[in-house]
Structure formats: C-alpha cells, structure tokens
Amino acid sequence: MKAFTNTNPRDLAHAVTLIRDARQAGRSLAIAGGGSDLLGMMKERLVTPDVLVSLRSIKGLDQVKAAPGGGVTIGGLITLDALSKVAIIRERYAVLAEAAESVATPQIRNAATLAGNVCQRPWCWYYRNGFTCLKNGGTTCYSITGENEFHAIFGGGPSYIVHPSDTAPALVALDATFRIVGQTGDRMVPAAEFFAPPTVDASRENVLKDGEILASITLPPARKLGRSTYHKIMDREAWTHAIVSAAVVLDIDKGVCQRARVVLGGVAPIPWRLPEVEKLLAGQRITPELAAKAGDAAIAGARPLAKNGYKVPMVRAMVARTIADVADRGLRNAD
Ligand SMILES: Cc1cc2nc3c(=O)[nH]c(=O)nc-3n(C[C@H](O)[C@H](O)[C@H](O)COP(=O)(O)OP(=O)(O)OC[C@H]3O[C@@H](n4cnc5c(N)ncnc54)[C@H](O)[C@@H]3O)c2cc1C
C-alpha cells in the first residue's frame, strides 16, 4: 500500500475544508466511509490517494431522523447493520431494510456505511484485477468479448459492468433524494438521477464530482398502503453480490395497485427501473396471471452478452415472484 495521510474531520464543513486543502496542495484524495471496500482497493493499488478523508469521525451522521414534511432522513454514515434494525425502516420501508440485510456478511454490514454501499466501485473482475479498462483510465471494456457471465443484460455500452449495490435499487424504488455536499455547497439529487449510465461517463457510476460527499438520504413519507420487498439471487448462499435482484414497492388499495415501482439490481450499470412494468400494474388487481405478464414485460429490452443469457429467465421469474409476494403482503395486511 502507498503511504498516505489519514485525516479525521469533526463535521462535514471540516471535511470539505480538508478536501479543498488537499486539492490546493496538489495532493490526490479519497473519501472513506467504513473502508470495507476502499481499503482493499488501496492495498491492491487500484486507488492510491495521498490523503484519506475518513468520514467515520463525524458525529451524528449515522442517525435516522424525521424529515421536515414527513418521511425520514438517513445519515450516510449509518452502518448497514444498524439501518436494517431501525424500527421505522423495517415497518415502513421494508425494501430498504431487506436490501441492507442481504449485503455480504455480518462483519461487513457492521463496518459498511449506507453511503459507501451506494458509492462502492464495480466488482467487475477486469477492473478489480487492474486491466486498463474503461474504469481504469483505458478505452476498452474487456467483458464485451471476454468473461461476461456476471455482466449487464440491460443498458450496457460502452461499459458492461453491473451496479453492485443492493441498497441502490431499493432507494430508487422508494424515490429517495440524496444530499451531496461539496466545495460549492449542498445539492439535492433524486436517487434515479444520482446513478449515471456509462454513456454519460464510462469511468464513473454516478454524478458525484471529485471530492463530493454523499451526506444523507431522505425517503418520502411512506404511503399508508405502500408495501415493499427486496428479493436477491446470488451464485452462492452468502457473502456476495446479486446476480439478479428486484426492489418492488406497490401501493395497493382494496386489492388494486394504485402505483408501482419496480427496479432491478445486478443486471445493468445502474439500478434498472422498469417503467413499462410499472404502467402494466397501475390500476390493476394483482393476480398471478398479471404478475407473470409483468415478468414477460420485464425482459423485453434485455440484450445479453455471450455468457450471461441465463440472467434473462431469472429476471422474468424474479419480477413475477417479487410482485406476487408484495401483493400477497398487501392483501394479508389489508384492514
Ligand atoms: C466479500 C464481500 C462481499 C460483498 N457483498 C456485497 C453484497 O452482497 N451487496 C452489496 O451491496 N455489497 C457487497 N459488498 C460490498 C460492500 O457492501 C461494500 O464494501 C460496502 O458497502 C462499502 O461501504 P463502506 O462504508 O465500507 O465504503 P468504503 O469502503 O469506505 O467506500 C466505498 C466507496 O465509496 C466511496 N465513499 C464512501 N463513503 C462516501 C461518501 N459518504 N460520499 C462519497 N463517497 C463515498 C469511497 O470513496 C469508495 O470509493 C461486498 C464486499 C465484500 C468484500
């Protein structure tokens, strides 16, 4: 590992100052949450900062608080384990609690922060093994003609990575808003606009500029009749990312779906929303037949590579099953 200076800001303003000072001194920097991903990348010399800004020293940014106008604001430094245990998240935003508790292992969930989970870099083996791919400053995505079993079937090109975060599809499905803090102040960005496809900048996965901090995430008020869940398929029982996952939020009133959000993970360079499936469900009573139709509609735009065609039937089944599960929860919980 390259030698670096560790800094521990007291608050966000101090973090911004440390970042500005490092920049002005011509020093490269990295921002750490729990460090569960970043420190491994530093050891492998995939990331070689002169200065590490370690946000864990900031007090109070690990809380879930009531947001003005309803809803909740979640500090970016809350660990995934703590988040998955907060009563209001479990009761009203189950999709997020379930996504958080599906990540990796208890040890990683105890260290990993929500912001770090959302901002983690791709786990594509070409990138992680130091190939000069699009993510490493090169001009080629080696997965197109190479080993692409775990790569994108939607939205690929020029990079075919899949977005690795389990919490990201849940946050998009919940219409979350991200608060970003940087040198020019704060900005609020809807979750769906935070993640950026590789056509925008193939070296990045989101709209964060260098040195910007994801400070907190606000969830809108949970609609009274909203039900949600997160389902995930992995290539082994634990410790790993999704091959295919689905975050589904449905508002069901007297058995009829008023509004739907269906977002996939593990299949595209960004959390992959399915607006056509959402339209198919809105205004309808969710039956097993409609859930199956939604599964068929989900795969309409799939463009598998040579070795990942197996994901297509998985998406169809996952979407149908997850919608049926949420609808069933809605009926069971109906007054
Ligand atoms: C064996 C293993 C299995 C895994 N399985 C899964 C899985 O099933 N699902 C899943 O979702 N993930 C999985 N992961 C990834 C893991 O969840 C991430 O390592 C973790 O969530 C990162 O959180 P962190 O707080 O430790 O981030 P860090 O390691 O500190 O940072 C990760 C990245 O985010 C950036 N960053 C961190 N915080 C901020 C911030 N506030 N603002 C801006 N940028 C920031 C860092 O600069 C870095 O690029 C796995 C990892 C391992 C090692």
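Look up a bit, the structure's there.
Residues numbered from 1 in each chain as written. Predicted model: local features only at pLDDT ≥ 70, side-chain atom pairs only at ≥ 80, totals over all residues. Heavy atoms only, no water.

Colleague: Would you mind showing me how to read the overall build of the chain here?
Modeller: Scanning the chain from N- to C-terminus turns up 13 helices and 12 strands. Taken against the 2.2 N^0.38 rule, which gives 20 Å for 335 residues, the C-alpha radius of gyration of the chain at 20 Å falls within 12% of a compact globule. The C-alpha extent of the chain, read off along each of the three principal axes, is 60 × 50 × 35 Å. Within the chain, the proportion of its 335 residues that are buried is 51%. Of the contacts formed within the chain by residues at least 6 apart in sequence, a portion of 63% connects residues at least 24 apart. Of the side chains in the chain, 40 bear a positive and 31 a negative charge, and the two mean positions are spaced by 2 Å. (Helix = DSSP H or I, 4+ residues; strand = E, 2+ residues; numbered from the N terminus. Rg over C-alpha atoms; globule rule 2.2 N^0.38 Å. Buried < 20%, exposed > 50% of the residue type's maximum accessible area, 1.4 Å probe, protein only. Contact = heavy atoms within 4.5 Å. Lys, Arg positive; Asp, Glu negative; His and termini not counted. Charge placed at Lys NZ, Arg CZ, Asp CG, Glu CD.)

Colleague: Which parts of the structure should I look at to understand the sheet that holds strand β5 (residues 72–75)?
Modeller: Within a sheet, each strand pairs with its neighbour through backbone hydrogen bonds, oriented either parallel or antiparallel. Strand order in the open sheet formed by five strands is β4-β5-β8-β6-β7, with antiparallel pairing between adjacent strands. This sheet does not close on itself; its edge strands, each paired only once, are β4 (64–66) and β7 (185–190). Direction aside, neighbouring strands of the sheet carry axes that sit 25° apart on average. Pairing of strand β6 (residues 177–182) with strand β8 (residues 213–219) involves five bridges; the strand directions are antiparallel. (Pairing = 2+ DSSP bridges. Axes fitted to C-alpha atoms, helices over the stretch in contact; angles between N-to-C directions.)

Colleague: What is the right way to read unusual backbone geometry from this model?
Modeller: Leaving glycine out, the prevailing phi sign among residues is negative, and the prevailing peptide bond configuration is trans. Omega for the peptide link from Gly-157 to Pro-158 comes to 0°, which places this bond in the cis form. If you trace the backbone, Pro-158 turns up in the loop between α8 (125–128) and α9 (167–173).

Colleague: Please clarify how helix α5 (residues 94–101) should be interpreted in this entry.
Modeller: At 3.6 residues per turn, the α-helix brings residues three or four places apart onto the same side. Among the eight residues of α5, seven are classified as buried, and the element is accordingly described as predominantly covered. When α5 is considered as a whole, its buried residues turn out to be Ala-94, Val-95, Leu-96, Ala-97, Glu-98, Ala-99 and Ala-100.

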